Amino acid sequence: MADPALSLKCTPPRMPKAALLPPRLRKLWEAAREHAVVLVEAPGGFGKTTLLLQWRRLWLGQGALVGWLVLDAKDDPPRLTQALLQTLRMASGRSVFDTLAAQSASRPGSELDALTSLLSAIAELATPTVLMLDDAERLPPATTESALAYLLLNAPSNLQIVIASRAPLPIATTDLLAHDALMTLTTKDLRLQQDEAVAILTQRFGTGLSMDDRVRLHEITGGWPIGLQLAAAAIEREPDLHVAVMSISARGGAIERYFLESLLDRLPPELAQFLTQIAIFEIIEPQTCGAVTGCARAADFIVRLTAETPILIATERHSWIRMHPLARDFLLARFERLPQAEQHDLHRRASAWFAEHDRFAEAGHHALRAGDPALAQSFALRGLWDLGRAGRIAEAREWIDRVPPQALQQNVSWQLMAAWALTIGDRAAEGQQIAERVLEDSSLDANQRFRATLVAATGAVFNDRPGLLPALMKDWMAAPTTDHDPLDHVAHANILSAMALYRGDHHEVRRIQANVNGVAEDGSTRIAFGIGRLLVGLGHLQQGNVYRADAALHQPLIDAEQYSGRRGALAAMYAAVLAAAAYERDQVHSAEELLADRLDVIERTSMPDAILHAYRTVARVALVRGDERQALAALENLRACAQARSMPRLTAASLADEIRIHARADRPETAAEALRQLEAMRPTFKRQDHALLLPHYELAVALARAYRALAAFDPAAAEPALKKAETFATRLQRDRERILIMTLRAVAADAQGHHGALALLKEASGLAALNGLARVIGDAHPRASRLLHGTGESGDRVASPPPPAAPSGTAGPGGLLTPKEAEILGLLSANLPNKLIARTLDISGDTVKWHLKNLFSKLNAASRRHAVDRARLLGLL
């Protein structure tokens, strides 16, 4: 008779209700099928058991026999052998395993013989068989090193063994690796990626949780599956989910209990104390932790905690170790309950250690926490330059605001340090003014004057006054000499690149950045190199090559997120450009995720171009989602940002996009009013400080005039505007705009009944596909989609099957509806879904949505049924 305890160990747990198997983990399963042994090693809470359950289901679906066994500390070799035989009996239903179990029980000490018989019986099954062993870290070492090792090294070809463990197992794997029989998954493989966390939260909360909050929860939980589960449980009953996400903490509730009961209480007291003390550090370094805590085993403790717990996280491309955000919140709460004298003593020791190693920014932070503001200020002044150079802009600004202005004025270098930190972002005008005041000092030496010029020029770029650059740089166009600071070399290349970008010379941008020779990228040049990469990405994007834009910034974004977090300045700038590129490639969801929980950072820290692309992408995504109101709200927010930072270019861009939206919806008067506002801005762009932006403005105005003409059903008036737009687009090498112009020319030609409109549109479509611009044709104008997929006014036709009989719609009095809208209205009245309407008319689903949106607007209807009722009332059906 089977042992009930063994039967329970051999019974798989229930699959979690909300468990999802991301495509990435399914691909890992496909790879795992090629290996005899798969080790899944990760700390608690990383979903090892859930993964095994999901893989078990996949193997069962392939017809494999799958045995499940939970291991524990009682499993000496005899008991493990009996458990393995029991699980195989339950998985296969074969009595041979009962016979082997009885033989093994009657012959104590013959476990290896029994295991050999077990493996032989599996081989004779001639059926793919999988053994899943969970909680392997609980096995006695003697069992692991003998029985388990024997099982792994002698598995027949039809047996695969999958082992889940919280810690590396003491098994010699050399032979397995030599025969490519071993695959190991670690924390890196099991950590949830952002899109996976978003999918889980979407399944749980639907649209009740915004994309910003879904991404924020992923950041808070750091890809830790159980952390995400705990955080979701903590907020799901709250009346306001956004407020709940913003206030989530590990200092109470289920999250605190988990850290106490599942992690901290299981650690030795000295290790728990060590963790509490090092919570004051953002980056965990063994030497620092040992010096400050006085713990001689600091390095060993950190290795152990990284391997066995989710508390410490080793980054993939760097040698840093970070503390999990929730864990740090929990541990800081414990640190704050220590006696204040002990807290101050730890911070004082940390401050002294960092100062001794010339890391003055960290020294200042800990001096302030130790209650010594005067010492903190002195360290801050010495560390300000390092913060600015490394792109830690928010920290640098905090210190600038703490230091009295008269202290900064005592030293030119300190003034330029402060100015540099302020120029990166929304205080660029302030930083530019400081640098310009420094330039008025006639006692400056050549190096000081050069650096002050670079800081003032950087301020002009971030303050969107690129017209000032030629005058500022007229004496400094040549590359700096080798005796200059490395940062000066990179910053100089960036200013020249910015000038080329605004001239439309994208090849020159890349040439300049490729020739920054002899300068190593390190912490002191990180932000400057990052801005250079951004300029290259912007050049590719403006040129309409979204593939190259993505290639230029994809890996830098990953690196920036690892260095300073997802909401770091560089990461946010890169994300803005990558989101625009993703949208153009019709990766709308990816564009949303890239911008989620970043818009505020982009506003505060980014170049104007990144801000423009971010808000423009938000508006365009909203239009794709059918939410015109949200799209216009995004453009209003862009205009508000432009006014707050005095950036007319952003105001002009928001007006131009607003005109496009209204023109597409056939609202000519509204478009005309926005056009008047846009045209009234011309004197602003004729000023010296905006001179480099004048061609960009003229391009936007010409396109806006064309849209206004098309909205007013005056295609002849659109043609000269498009001709002028073509001139500026060619001059600025704006290939996306040239494709857009070609599309609008086709629309105008079709509206006038000119033959050849379809051929022109097909040419534009081919160029768009070549550059990865999947959305430019559909976004250009609804009539473009109608011409490409149906019948245009000119008679150009794409063959399509005749539609089935359906109630017909009419254009109505005054030509209220276009012929295509009337056709769709007839099908709508027959209750046809969008997919069937699209199939009937041989058009895309997106085209149907656009026509429906226009129908709802023209009929003043809020739903499909309402539109049909309104149409009958107006005599359109």
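Residues numbered from 1 in each chain as written. Predicted model: local features only at pLDDT ≥ 70, side-chain atom pairs only at ≥ 80, totals over all residues. Heavy atoms only, no water.

(A) Summary view of the overall build of the chain. Looking only at helices and strands, one finds 49 helices and eight strands in the chain. Oriented by its inertia axes, the alpha-carbon framework of the chain measures out at about 100 × 85 × 50 Å. Here the chain holds 877 residues, and the buried ones make up 56% of them. Element-wise, carbon and sulfur atoms account for 52% of the exposed surface of the chain, whose accessible area totals about 37,000 Å². Taking the 97 positively charged and 99 negatively charged side chains of the chain as two groups, their mean positions are separated by 5 Å. (Helix = DSSP H or I, 4+ residues; strand = E, 2+ residues; numbered from the N terminus. Buried < 20%, exposed > 50% of the residue type's maximum accessible area, 1.4 Å probe, protein only. Areas by Shrake-Rupley, 256 points an atom, 1.4 Å probe, with all protein chains shown as cover. Lys, Arg positive; Asp, Glu negative; His and termini not counted. Charge placed at Lys NZ, Arg CZ, Asp CG, Glu CD.)

(B) Highlighting the confidence of the model for the chain. This prediction gives the chain a mean pLDDT of 88; 95% of its residues lie at or above 70. In the model, residues 791–808 has pLDDT below 50 throughout and makes 43 contacts with residues more than four positions away in sequence or in other chains. (pLDDT = per-residue confidence, 0-100. Contact = heavy atoms within 4.5 Å.)

(C) Summary view of the sheet that holds strand E7 (residues 312–314). Reading across from one edge, E6-E8-E7 is the order of the three strands in this open sheet, with antiparallel pairing throughout. Lying at the two open borders of the sheet, with one neighbouring strand each, are strand E6 (283–284) and E7. Strand direction decides the pairing type here: E6 and strand E8 (residues 321–323), joined by two bridges, are antiparallel. Paired with Ile-284 across the bridge in E8 is Ile-321. Its contacts with the sheet put helix H17 (residues 298–308) on E6, E7 and E8, and the angle it makes with E7 is roughly 85°. (Pairing = 2+ DSSP bridges. Axes fitted to C-alpha atoms, helices over the stretch in contact; angles between N-to-C directions.)

(D) Expanded view of empty space enclosed by the protein. Counted by the stated rule, this structure contains six cavities of 30 Å³ or more. Size it by volume and the largest cavity reaches roughly 680 Å³. Considering the residues around the largest cavity, the lining is formed by 37 residues, among which Arg-616, Arg-620, Asp-657, Arg-734 and Glu-737 are closest to the centre. Only helix H30 (526–543), helix H32 (569–584), helix H35 (608–624), helix H37 (648–664), helix H40 (694–711), helix H42 (735–751) and helix H44 (776–780) provide two or more residues apiece to the lining of the largest cavity. The residue inventory of the lining of the largest cavity, partitioned by class, reads 21 nonpolar, five polar and eleven charged. Within this model, the second largest cavity holds a volume of roughly 70 Å³. As for the second largest cavity, its lining consists of Trp-420, Thr-458, Val-461, Phe-462, Ala-491, Asn-494, Ile-495, Ala-498, Ile-531 and Leu-535. (1 Å grid on protein atoms, 1.4 Å probe; cavity = no way out; pocket = protein on both sides within 12 Å on 5 of 7 lines; lining within 4 Å. Points joined across faces, edges and corners; volume = space filled by probe spheres on them. Nonpolar A, V, L, I, M, F, W, Y, C, P; charged D, E, K, R; others polar.)

(E) Local environment of the side chain of His-613. With respect to the secondary-structure elements, His-613 resides in helix H35. Setting aside chain neighbours within four positions, we find His-613 in contact with Leu-538, Leu-541, Ala-576 and Ala-580.

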